[in-house]
Amino acid sequence: MFLRKSVRPREPLAVAMSGVRMGERVLQIGIDDPALTGALAAKPGLSGHAAIAVGDEASAARARNAAAEAGALADVAVTPLDALPFQPESFDSVVIHSVDGLLASFDEEHRVRVAQACHRVLRKGGRVLVIEAGPRTGLAGLFRAGPKPSSAFEEGGGSAAVLKAAGFVAVRLLAAREGRSFTEGLKSS
């Protein structure tokens with residue numbers, strides 16, 4: 001007789017890269033992939049807090065639906081992304097969804113203001129993660145090209161330059177896998 005080990009389903013790469021844990025306070029900026037948004041909103045559980053900030057009501061409806069589909073409680077705010085309506089140091093982590101080019105769509109000054117707003121709401125030692133379109137690998141890379149970031153944005157240093165300009169430290173590219181790239185920064189003070 002063979003015993004089967006119970007196998008826990010593997011969580012999506014983007015959720016794992018976020019580092020969000022139960023009991024934490026997480027803020028998501030924008031919405032690209034509703035399933036990912038819902039999974040991240042569910043991660044903190046009842047002992048944490050999930051919030052999602054978007055720029056328009058249509059995105060807010062998508063965010064609310066994503067949270068409901070995941071069975072998560074999340075506060076959704078329609079707000080200018082460079083003027084977040086949250087208290088300073090009220091989140092442990094911030095995830096910026098930019099696969100569809102959210103950051104690249106803004107001019108340089110506005111990008112930095114959005115990152116500065118994220119810096120303001122993060123606690124000391126908090127972490128920001130920018131999820132963007134990245135190179136596709138494996139068979140998917142051979143047959144499908146993902147969205148391309150703005151060349152001017154990339155030439156200017158991309159997300160890493162934006163996070164550094166906003167005051168984040170230890171800014172680095174964590175990974176570029178499965179058609180996404182993950183750039184993180186930490187708040188030191």
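The structure under discussion appears in the preceding block.
Since the model is a prediction, treat every value here as computed from it, not as a measurement.

Novice: Explain the nonpolar core to me, using residue names and the numbers behind them.
Specialist: In this structure, Leu27, Ile29, Leu84, Phe86, Val94, Ile96 and Phe168 are the most contacted members of the largest nonpolar core, which totals 29 residues. Residues within four places of Ile96 in sequence aside, it is in contact with Ile29, Leu102, Leu103, Cys118, Val128, Leu129, Val130 and Ile131.

Novice: I'd like to hear about the pattern of salt bridges, residue by residue, with values.
Specialist: Scanning all chains against the criterion turns up 10 salt bridges. The partner of Arg25 in a salt bridge is Asp92, with the nearest N and O atoms 3.0 Å apart. Residue Arg25 is located in strand β1 (residues 25-29), and its partner Asp92 is located in strand β4 (residues 91-98); the two are separated by 67 residues in the primary sequence. Exposure remark for Arg25: the relative accessible area of 29% places this residue in the partly exposed category. Note on Asp92: relative accessible area 12%, which makes it buried. Notably, a salt bridge pairs Glu109 with Arg113, separated by 3.0 Å at the nearest N-O pair. Of this pair, Glu109 and Arg113 both sit in helix α5 (residues 108-121), separated by four residues, roughly a single helical turn. What makes Arg113 partly exposed here is its relative accessible area of 32%. Residues participating in the shared-partner salt-bridge network are Arg25, Asp92 and Arg123.

Quick notes on the rules
- Residues numbered from 1 in each chain as written.
- Predicted model: local features only at pLDDT ≥ 70, side-chain atom pairs only at ≥ 80, totals over all residues.
- Heavy atoms only, no water.
- Core = buried A, V, L, I, M, F, W, Y, C linked by side-chain atoms within 4.5 Å.
- Buried < 20%, exposed > 50% of the residue type's maximum accessible area, 1.4 Å probe, protein only.
- Contact = heavy atoms within 4.5 Å.
- Salt bridge = Lys/Arg side-chain N within 4 Å of Asp/Glu carboxyl O.
- Helix = DSSP H or I, 4+ residues; strand = E, 2+ residues; numbered from the N terminus.

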